[in-house]
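Single-letter residue listing:
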Amino acid sequence: MDTNIQRLIDSAKQSLNSTSSHQYIDESFESCIKCTACTAVCPVSRNNPLYPGPKQSGPDGERLRLKSAELYDEALKYCTNCKRCEVACPSDVKIGDLIVRARNNHLAQQKKPLMNKLRDVILSNTDVMGKLNTPLAPIVNRITGLSATKFVLEKTLNISKKRTLPKYAFGTFRSWYMKNALEAQKKFEHKVAYFHGCYVNYNNPQLGKEFLKVFNAMGIGVMLLEKEKCCGLPLTVNGFPERARNIAQFNTNFIGKMVDENGLDVISEASSCALNLRDEYHHILGIDNAKVRPHIHMVTPFLYRLFKEGKRLPLKPLKLRVAYHTACHVEKAGWAPYTLEVLKQIPGLEIIMLPSQCCGIAGTYGFKAENYDTAQAIGKSLFEHINEGGFDYVISECQTCKWQIDMSSNVTCIHPLSLLCMSMEA
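Note that the coordinates shown come from a computational prediction; the quantities given were computed from them, not determined experimentally.

Draft legend 1. Fine view of the overall build of the protein. Helix and strand content of the protein: 22 helices and eight strands. Its C-alpha radius of gyration of 22 Å places the protein within 12% of the 22 Å reference for a compact globule of 426 residues. C-alpha extents for the protein along the principal axes are approximately 65 × 50 × 40 Å. Here the protein, with 426 residues, has 55% of them falling under the buried criterion. The contacts in the protein between residues at least 6 apart in sequence include a share of 76% that link residues at least 24 apart.

Quick look at the structure:
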């Protein structure tokens, strides 16, 4: 390693250790061999000429940022954190992590307009918005579906008027569980814990009920954490690292309590939540989650393991043709083969694997007016594959991919758990 770079790294470590114990120093950028494989697969650099690509923004930029914070490049805001650059990198450089941490470590160098800051606060605080909107869901959903509302949101908060906004459920999954399911779940001898996340809690409680149905059918009860908050990923990528760290520590503490007191594994049905809880709490936010990390699982690999151990679901034939979309964080974690093997247990199901590529929405990214056209351009060929394939459904473990595919194609996107439940009911 270049001695000057090493000296800068050592200096940065010393400075961070003296001011903030939770910062995470990643030296993997020095392993970059400048092959540009990351840039070749980057969905943003192919569609937005303002983004120089992950090589320049990640490892190349890190060398400059270590020399001076003034060398921070505002173009880093265009990265979607899809992590496809990390999948492509032959040297295992954590490029996406480098970029997110750089954004969060250089907030003072960013020139974000006040209204964009307010918008990002609203988009990032999913628990706050969920608690406000679920009691009034029928009214809220009607209002946010109006063209006039979307026009006002774009003019005031720069939320694209072209974006279909998510619908809220009338009542939360957690409240339903506590009233209708808790006592029944306690009776099972074998149990797992469920991190339901904000999407299931506020937008789609039915998916949470399907989670229970699948595990109960295998003789496994489902318990909730005593408390949980949004996984914090929207806060991390939108420039609120301190609040994200507080939430990450909160969730890690309650996951740890569940593991210590009940010995239960914690399962998420949401790919980005699972990856964030398991990996990014440490890699990006500097949270020490080594104790609980082995107990955090994505649902489909966990089901695959149960099937290998002899557990079975009462699955009946489904004569459907479905397309499987490999969400970005599923690709990063390597979970797609497990999902496909789980779905192959359904008799009569025809599964077509779509070309693995980003759908463009990237969580809150595609809701922002300045990113909307890029987001749709990224997903364009994926939507064409879907529309031309004659599919009954698209299958994805990612919640925001569902929103994007539902809005941008002619086929409904559903979770693998929903398909399993269809087969159980057939």
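From this point, things continue past the structure.
Draft legend 2. The arrangement of the packing of helix H17 (residues 299–308) against helix H19 (residues 336–343) in detail. Two elements in contact, H17 and H19, have axes whose closest approach is 8 Å; the angle formed by their N-to-C orientations is 55°. If you check the angle between H17 and H19, you find them oblique. Considering only the axes of H17 and H19, their crossing is left-handed. Mapping the contact onto sequence places Thr 300, Pro 301, Leu 303, Tyr 304 and Phe 307 in H17 and Tyr 338, Thr 339, Glu 341 and Val 342 in H19. Of the residues assigned to the contact of H17 with H19, the class counts are six nonpolar, two polar and one charged.

Draft legend 3. Highlighting the domain arrangement of the protein. Here the domain parsing of the protein yields domain 1 (25–109), domain 2 (114–157), domain 3 (173–309) and domain 4 (321–423). Each partner contributes residues to the interface: domain 2 has five residues there, and domain 4 has five residues. In this assembly, domain 2 packs against domain 4 so that about 360 Å² is buried in total across both faces, 59% of it on carbon and sulfur atoms. On the domain 2 side of the interface with domain 4, the three residues burying the most area are Arg 119, Leu 123 and Glu 154, jointly 83% of the side's total. Our enumeration of links across domain 2 and domain 4 arrives at two salt bridges. Between Arg 119 and Glu 370 there is a salt bridge, with its nearest N and O atoms 2.9 Å apart.

Draft legend 4. Structural detail: unusual backbone geometry. The residue Thr 36 is not glycine, and still its phi comes out positive at about 65°. For Thr 36, the location among the structural elements is in the loop between helix H1 (3–19) and helix H2 (37–41). When its relative accessible area of 38% is taken as the criterion, Thr 36 is described as partly exposed. Here Asn 81, not a glycine, exhibits a phi torsion of approximately 65°, which is positive. Inspection of the secondary structure puts Asn 81 in the loop between helix H3 (54–67) and helix H4 (84–88). On the accessibility criterion, Asn 81 (3% relative accessible area) is buried.

Draft legend 5. Geometry of the sheet that holds strand E1 (residues 190–194). Ordered in space as E2-E1-E3-E4, the four strands form an open sheet in which the pairing is parallel. Looking along the sheet, the strands with just one partner apiece sit at the ends: strand E2 (220–224) and strand E4 (296–298). Pairs of neighbouring strands in the sheet enclose a mean axial angle of 40°, with direction left out of account. Relative to E4, strand E3 (residues 266–268) is paired through three bridges, and the arrangement is parallel.

Draft legend 6. Up close: the pattern of salt bridges. Scanning all chains against the criterion turns up 29 salt bridges. For the salt bridge of Glu 183 with Lys 186, the shortest nitrogen-to-oxygen distance reads 3.4 Å. Here Glu 183 pairs with Lys 186, and both are found in helix H11 (residues 182–186), just three residues apart, close to one helical turn. The salt bridge partner of Lys 344 is Glu 341, with a shortest N-O separation of 3.3 Å.

Draft legend 7. How the structure looks around the pairing of E2. Of all five residues in E2, five are buried; the element is thus mostly enclosed. Of the two faces of E2, the one lined by Ile 220, Val 222 and Leu 224 and the one lined by Gly 221 and Met 223 are each fully buried. Relative to E2, E1 runs parallel, the two being bridged by five bridges. Bridge assignment links Val 192 to a residue of E2, and that residue is Val 222.

Draft legend 8. Here's a closer look at the sheet that holds strand E7 (residues 393–395). The four strands lie next to each other as E6-E5-E7-E8, forming an open sheet whose pairing is parallel. Looking at strand neighbours, the two that pair on one side only are strand E6 (350–353) and strand E8 (413–414), the edges of this open sheet. As paired elements, strand E5 (residues 321–324) and E7 share three bridges and run parallel to each other. In the strand pairing of E7, Tyr 324 is matched with Ile 395. Together, E5, E6 and E7 form the strand contacts of H19, whose direction differs from that of E6 by roughly 165°.

What counts as what
Residues numbered from 1 in each chain as written. Predicted model: local features only at pLDDT ≥ 70, side-chain atom pairs only at ≥ 80, totals over all residues. Heavy atoms only, no water. Helix = DSSP H or I, 4+ residues; strand = E, 2+ residues; numbered from the N terminus. Rg over C-alpha atoms; globule rule 2.2 N^0.38 Å. Buried < 20%, exposed > 50% of the residue type's maximum accessible area, 1.4 Å probe, protein only. Contact = heavy atoms within 4.5 Å. Axes fitted to C-alpha atoms, helices over the stretch in contact; angles between N-to-C directions. Parallel < 35°, antiparallel > 145°, perpendicular 65-115°, else oblique. Left-handed = near helix turned anticlockwise from the far one by under 90°. Nonpolar A, V, L, I, M, F, W, Y, C, P; charged D, E, K, R; others polar. Domains from an automatic or database assignment. Buried area = accessible area lost by both parts, 1.4 Å probe. Salt bridge = Lys/Arg side-chain N within 4 Å of Asp/Glu carboxyl O. Pairing = 2+ DSSP bridges.

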